[in-house]
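Summary of the model geometry
So you can see what is in the structure, the chains are spelled out below.
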Amino acid sequence: MPRQSNHVQEYCLTVIIWTAATMVSIPFIWLMGNLLWNGWSHLSFNFVFSAPLNAGREGGIGPILISTLLLVGVCMGVAVPMGLGTALFLSEYTRHDHALGRLIRGSLDVLAGVPSIVFGLFGNALFCQVLGFGFSILSGGLTLACMVLPILIRTVEESFRVISREQRLSAAALGLSKSTTIQTILLPAAIPGLLVGGILGLGRAIAETAALIFTSGYVDRMPESLMDSGRSLAVHIYDLSMNVAGGNPHAYATALVLVSLLFIINLSASWIASRWTLSNQLPT
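Residues numbered from 1 in each chain as written. Predicted model: local features only at pLDDT ≥ 70, side-chain atom pairs only at ≥ 80, totals over all residues. Heavy atoms only, no water.

For helix H6 (residues 137-161), spanning 25 residues, the distance from its first C-alpha to its last is 35 Å, which sits close to the expected 36 Å at 1.5 Å a residue. The largest bend in H6 is about 40°, located at Val 148, with the proline Pro 150 one to four residues further on. For H6, the buried fraction is high: 20 of the 25 residues fall into the buried class. (Helix = DSSP H or I, 4+ residues; strand = E, 2+ residues; numbered from the N terminus. Expected span 1.5 Å × (residues − 1). Bend = angle between axes of the 7 residues up to and from the residue. Buried < 20%, exposed > 50% of the residue type's maximum accessible area, 1.4 Å probe, protein only.)

Rendered as structure tokens:
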């Protein structure tokens, strides 16, 4: 009887686990199926690289795709160095109970839960008006960087903290300086965590809408510099589906491009992380 009872419990647990996994997969499968069904027929080379016409009902998304890549580039170009430096400060230069460290961590936790519309208002007030950048890709990218920083910093900090204390002590015993230890031991070991934080932040940045409406604007022409206004893919999807009659077909096609871009970024980062981990495991 005990053996039969254990078999029944194991069977029930297996069913629960498979059911949970299936329930998680269903929304993703439905979402991708819906996008492919409604957007695939409108997707083409010309759609990806040509300019939008007739308020987006015709033409493509070429300038909008470029604006999105520029926004993400500004965002990650600012967020990664600042996030990495702050994570190093929190994990290596302050104790866990340090007052300044607690203040920074508490601030990051609060910022992680702030709605994107609030970031948009903040970005509009600071970057567009006080600093004089106006509605521009630079303003939008800097606002996105503020949104990404909490996720990036906490993820990278945890990556540094899981590195064993023995590695730090071994480096100190060999006479390595703090900066050398960080460069040769801590940073290489934290690369996978940095990539994970970057992907999470990038996913939030590339799909953001509300914050960009108040900072980078609606303009759908090809940007000539970072000071030009630019429309992101997510804002374009919102505009086509909500404000443009007959814009749903191109909205679905744009959404399919956006999801495909996220797939490419995730797969590329996973490949880089796996190659990095493998190279560090090989004997020298």
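All chains considered together, the criterion is met by 3 aromatic pairs. Ring geometry for Phe 28 and Phe 263: centres 6.1 Å apart, planes at 75°, overall edge-to-face. Taken as a pair, Phe 28 in helix H1 (residues 2-39) and Phe 263 in helix H11 (residues 248-281) lie far apart in primary sequence, 235 residues in all. Here Phe 28 falls in the partly exposed class, since its relative accessible area comes to 44%. The interplanar angle of 80° and the centroid separation of 6.0 Å between the aromatic rings of Phe 122 and Phe 127 together place this pair among those described as edge-to-face. (Phe/Tyr/Trp six-rings, centres within 6.5 Å; stacked < 30°, edge-to-face > 60°.)

What follows is about the confidence of the model for the protein. On average, residues of the protein score 84 in pLDDT, and 94% of them are at 70 or above. When mean pLDDT is compared element by element in the protein, helix H5 (residues 116-130) scores highest at 92, while helix H7 (residues 165-173) scores lowest at 75. (pLDDT = per-residue confidence, 0-100.)

With that out of the way, let us pick up unusual backbone geometry. Even without glycine at this site, Asn 54 takes up a positive phi of about 55°. Its identity is not glycine, yet Ala 55 carries a phi of approximately 60°, on the positive side. Note that Ala 55 resides in the loop between strand E1 (52-53) and strand E2 (58-59). Classification of Ala 55 as partly exposed rests on a relative accessible area of 43%.

Checked against the element boundaries, Ser 159 lands in helix H6. With sequence-adjacent residues up to four places away left out, Ser 159 is seen in contact with Ala 190, Gly 193 and Leu 194. (Contact = heavy atoms within 4.5 Å.)

Moving on, we get to the nonpolar core. Among the nonpolar cores identified, the biggest contains 50 residues, and Cys 75, Leu 144, Phe 160 and Leu 233 are the most heavily contacted of them. The set of elements that each furnish at least two residues to this core consists of H1, helix H2 (45-49), helix H3 (62-92), H6, helix H8 (178-206), helix H9 (210-213), helix H10 (233-242) and H11. Other than its neighbours up to four places away in sequence, Phe 160 contacts Leu 84, Ala 87, Leu 88, Ser 91, Glu 92, Arg 168, Leu 186, Leu 187 and Ala 190. (Core = buried A, V, L, I, M, F, W, Y, C linked by side-chain atoms within 4.5 Å.)

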